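Overview (structure and organization)
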Amino acid sequence: MRWVKIEIVLFLVTAMLCMGCQEASGRQVPELQEPVSRNSACRPVEKGRIGRVKTLMASVVPTEYAHFYLSDVVIGKVEAEVGDYVRKGDILARCDNRAERERKKALEEELRQEREKHVWQEKIVEKKKAEVRLMGGKGSRKKLAVLEEEARYAGELYKQQVKEIKREIRQAEEEIQKGILRAKHSGYVTYRKDLAVSAQAEPCENIVVVADKGQRYIELTKVTADQYAYSGYQMIYMISDGQKYPLKEIPYTENEMAAANKEGRYPAVRFACPEGAGLSCGDSCLVYFAKKDSPEVLVVGNDSLHTQGEENYVYVKNSAGIEEKRSIKTGAKDDYRTEVTEGLREGEMVCYSSDAAIPVEYNTHTVARTRYKVRSHGGSCQLADASPQMVMAEREGKIVESAVYDGCRVKKGDLLYVIDTGKAKAALTDLANQIRKEKENYRAAAKELKKQTASEMREKSGRLRVLAEKRWKYEQELAACIHRYSIQELERQYEEYKKDNDGSGRIRVCAQTGGRVINCQIRVGEEIAEGTYLFGIAGKKTRKRLLVLQVPPLRPRPVVEKKIANVGEEIDLTSDGQSYSGICTGYTEALNNVYLTTESGKGYVGKNSESSFQYPGYYVELEEGQISSRELAKTQTTFAAVCLKDVLTVPSGSVYEENRGKGESDWYVWRVVRGELVKQYVELDRELSDGTKQVIFSGLEPGDVVAD
């Protein structure tokens, strides 16, 4: 204690003498050149690149082609199911164009009738002209001219009628064709509209999406065109098998982006898959962004650098372990490192300031590129329904009785509903009277024709008589033709009104097929028009095509976890100890997805509708075997919620957080260099940690050793 007191006194005396000398000379105290608080930690001068590298998650997806209508329609039937392979031109769906089909059928019948009547009319005129020529005499030339003019006029009128009917047939056919949705590209169906929600489709609402798995590209996860902040970065690349592959962005057309701007819906940013990278549909990867391609230079940490005036200096530990101050020249700088252009050699140990506690006891881990995988949580599995059959009203009227509701099952022949068409017994009686009157009129007309024929035949003989008989025969054929068409239409109406009619105008409508009723829109007392959507009947299930619905996880998961599998991704299934494997072929809905397409020089944004399921889901095509309905309740399904094939990982416990302030943090590890622990800043996403491994974006290289 005595010696300690002496040292304190000497220190105070010395300090007072120094202060007195300073005041006597009038000079200021010089700035301290050494850091006030600095530990003896050192790190080697190494080569590295200046500039922060940004990293984003991405998925490898197939090119998808959206198929939609440009106007409001009611979907009658979806022909293609998720997982089906379709060829360009195949029919994918049909809208309900019952009225146009009926109109076309009626027009075609009208055209056939007009042609038949015209044939008989031409034959009658030809016989009349032949009779005039045979009779000859004064005025025959004038009579022939009149007949020729009448025939010409009748011919022109007929041509005009045929032309108009054909135009209307073409118009009806165009409307029918518009209602037929055909594949624009060959590929696999990955999505179909859920008709259990609604058979109504808005303009540009996707009915079917077809994917070409051979046309793959890299899509940035959760980054769209309007949120993309990296378009100015010169270096964009990915790493596969330790090799760097430059990436090239795939641009959207001006028309597509104009449509996206108008709708306020932007597509995901995408890049072409580089050759040789070995990417498959369903893969995940990291995309790296650097503002420029910086060369490797000598660098020191910013926490090693000191500045006085225009001088930059560091403290170098020499071979004797003594720290020496050394002036250096510097170049470019980023958040963590500074380029050294003069004053240091690679491998020299430079001191740095840190208040971080250095681990005393630790294990070591050698950094290597490896696979990082997080399995998804389980989902409920069920057999997938085929696209339901849409039931439309065949007649207009008021619904007076309903025998169906959502979820009920019907068999072929079961009563569905009763509709009051207003076509009561009086209407049927009126049609029956029209039919009877038409038959009576025809019998009277036919009798009159026979009477006229007999009268004329008494005055003619020879060739003239033969011509007249043929002419009258053609007249009778024409009359029979007109009568046949008239009675045919009246009887068609009568049978339509009579069908399932109890005489009160109420029609009983029965099921044409069996199944489960979905999305029932029948309302008793409601007036409906012909072609109104009423409900759907769910189609048959298939044993090999499954639907997996992802339920919310029981415990928190990283937000980067996918809710549904990627198309082409492998799915693992287990049931009662039996293992199955499958491939994701599509989904019930696309999450945050936008489909841009250009048709006829215009851009469109295709959008998927909501699903009838509470949770998002994906379809699985089993590679082998089948799962029974009993096994489904016990079936567990998993896929890679995150699967990065070629990334640097370290033990999660080896990563430390350093609070930068304002809610921001830096991350670092302790790297083992020459037996010493060196503080090493790293770039990472803390969400890419499964509690055991942490993915490192940059700051470490394969072969580095870190303390764990």
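I will try to describe carefully the structure that is included in this document. Each chain has its residues counted from 1, running along the sequence as written. Selection of residues for local features in this predicted model requires a pLDDT of at least 70, selection of side-chain atom pairs for listing and counting requires 80 or more, and totals for whole chains, interfaces and linings are taken over all residues. Where side-chain values are given, they derive from all heavy atoms of the structure, hydrogens and water being excluded.

**Some thoughts on the overall build of the protein chain**
Runs of H or I in DSSP of at least four residues are treated as helices and runs of E of at least two as strands, each being numbered from the N terminus. The helix and strand tally for the protein chain stands at seven helices and 44 strands. Radius of gyration (C-alpha) of the protein chain: 43 Å, far over the 27 Å computed for a compact globule of 708 residues. Counting only C-alpha atoms, the protein chain reaches 165 × 65 × 50 Å along its principal axes. We call a residue buried when its accessible area falls under 20% of the maximum for its residue type, exposed when it is over 50%, and partly exposed in between, using a 1.4 Å probe and counting protein chains only. When each of the 708 residues of the protein chain is scored for burial, the buried share is 43%. Where accessible areas are quoted, they stem from the Shrake-Rupley method and a 1.4 Å probe; at the residue level, only the protein chains shown are allowed to cover. Of the accessible surface of the protein chain, which amounts to about 39,300 Å², a share of 49% is contributed by carbon and sulfur atoms. Charged residues are defined here as Lys and Arg on the positive side and Asp and Glu on the negative side; His and the ends of the chain fall outside this count. Working definition for charges: the position is that of NZ of Lys, CZ of Arg, CG of Asp or CD of Glu. Between the mean site of the 112 positive side-chain charges and the mean site of the 109 negative ones, the protein chain shows a separation of 8 Å. The globule rule is 2.2 Å times the number of residues to the power 0.38, and the radius of gyration it is compared with is taken over C-alpha atoms.

**Some details on the nonpolar core**
Only buried Ala, Val, Leu, Ile, Met, Phe, Trp, Tyr and Cys residues count toward a nonpolar core, and they belong to the same one when joined by side-chain atoms within 4.5 Å. Formed by 27 residues in total, the largest nonpolar core has its most connected members in Tyr69, Ile75 and Ile207. Elements supplying a minimum of two residues to this core: β4 (73-78), β6 (91-95), β10 (206-224), β24 (389-392) and β32 (541-550). At four residues, the largest contribution of residues to this core is made by β4. Ile75 has contacts with Tyr69, Arg94, Cys95, Asp96, Lys193, Leu195, Ala199, Ala201, Ile207, Met390 and Met392, leaving out every residue within four places of it along the chain. Here, residues are in contact when the closest pair of their heavy atoms is within 4.5 Å.

**Things to note about the packing of aromatic side chains**
Here is the rule: rings of Phe, Tyr and Trp (six-membered ring for Trp) pair when centre to centre is within 6.5 Å. Planes less than 30 degrees apart are stacked, more than 60 are edge-to-face, and the remainder are tilted. In the structure shown here, the tally under the stated rule is 17 aromatic pairs. Pairing Tyr237 with Tyr288 gives two aromatic rings, centres 5.2 Å apart and planes at 15°, and the pair type is stacked. Of this pair, Tyr237 sits in strand β11 (residues 235-240) while Tyr288 sits in strand β14 (residues 284-290), and the two are 51 residues apart along the sequence. Considered together, Tyr237 and Tyr288 belong to a single accessibility category, that of buried residues. With centroids separated by 6.3 Å and ring planes inclined at 70°, the aromatic side chains of Tyr668 and Tyr681 adopt a geometry described as edge-to-face. Highlighted residues: Tyr668 in strand β41 (residues 664-673) and Tyr681 in strand β42 (residues 676-689), separated in sequence by 13 residues. There is no split in this pair, since Tyr668 and Tyr681 are both buried. Clustering of aromatic rings is evident, with ring pairs tying together Tyr228, Tyr230, Tyr233, Phe271 and Phe289. Sitting above the plane of the Tyr188 ring, Lys213 keeps its charged end 4.4 Å from the centroid. Any Lys NZ or Arg CZ found within 6 Å of a ring centre and within 35 degrees of that ring's normal is scored as a charge over the ring. A cation sits over an aromatic face here: Lys325 above Tyr313, 4.3 Å from the ring centre.

**Considerations on the pairing of strand β34 (residues 578-587)**
By the bridge criterion, six bridges tie strand β33 (residues 570-575) to β34 in an arrangement that is antiparallel. If you follow Glu570 over to β34, its bridge partner there is Ile583. Two successive antiparallel strands, β33 and β34, enclose a turn made up of two residues, where Asp576 displays a positive phi of approximately 55°. Here β34 runs beside strand β37 (residues 617-622); their pairing, made up of five bridges, is antiparallel. Within β37, the residue paired with Tyr587 across the bridge is Tyr618. For two strands to count as paired, DSSP must find a minimum of two bridges between them.

**A closer look at the layout of surface pockets**
What the second largest pocket holds in volume is close to 1,300 Å³. Of the grid points, spaced at 1 Å and generated over the protein atoms alone, those admitting a 1.4 Å probe that cannot get out make up cavities, while open sets with protein on both sides within 12 Å along at least five of seven lines make up pockets; any residue with an atom within 4 Å of a point is treated as lining. In this structure, the second largest pocket is lined by 47 residues; those nearest its centre are Arg49, Arg337, Ser698, Gly699 and Glu701. If you list the elements that add at least two residues to the lining of the second largest pocket, you get β1 (42-44), β2 (46-48), β11, β12 (243-246), β14, β15 (297-301), β42 and β43 (693-698). Partitioned by chemical class, the residues of the lining of the second largest pocket number 18 nonpolar, nine polar and 20 charged. Grid points are joined across faces, edges and corners, and a volume is the space filled by probe spheres set on the points. Gly is placed with the polar residues, together with every amino acid not listed as nonpolar (Ala, Val, Leu, Ile, Met, Phe, Trp, Tyr, Cys and Pro) or charged (Asp, Glu, Lys and Arg).

**Looking at the sheet that holds strand β27 (residues 415-420)**
Read across the sheet, four strands follow the order β28-β27-β25-β30 without closing on themselves; strand pairing throughout is antiparallel. Of all strands in the sheet, those bounded by a partner on one side alone are β28 (506-510) and β30 (527-528). Bridge count for β27 against β28 is five bridges, and the pairing is antiparallel. By the bridge assignment for β28, Ile419 is matched with Ile507.

**Observations concerning the pattern of salt bridges**
When a carboxyl oxygen of Asp or Glu is within 4 Å of a side-chain nitrogen of Lys or Arg, the pair counts as a salt bridge. What the rule picks out here adds up to 36 salt bridges. The salt bridge involving Lys104 is made with Glu108; its shortest N-O contact spans 3.8 Å. A residue pair is termed a helical-turn pair when its members lie 3 or 4 positions apart in one helix, as Lys104 and Glu108 do in helix α2 (residues 98-135) at four residues. Assessed through its relative accessible area of 21%, Lys104 is described here as partly exposed. Owing to a relative accessible area of 38%, Glu108 belongs among the partly exposed residues under this scheme. With a shortest N-O distance of 3.2 Å, Glu126 and Lys129 are connected by a salt bridge. One end of the pair, Glu126, and the other, Lys129, are both in helix α2, three residues apart, so they sit about a helical turn from each other.

**A short note on helix α3 (residues 140-178)**
One fewer than the residue count of a helix, multiplied by 1.5 Å, yields its expected span. In this model, α3 (39 residues) spans 56 Å end to end at C-alpha, consistent with the 57 Å of a helix rising 1.5 Å per residue. Within the sequence span of α3, burial applies to Ser140, Leu144, Leu147, Gly155, Tyr158, Val162, Ile165, Ile169, Ala172 and Ile176. The inward-facing, buried residues of α3 abut α2 and β7 (180-182).

**Some thoughts on the sheet that holds strand β29 (residues 515-518)**
Judged by pairing direction, the sheet is antiparallel, and its four strands sit side by side in the order β24-β31-β29-β26 without closing on themselves. Of all the strands in the sheet, just β24 and β26 (409-410) have a single pairing partner and so form its edges.

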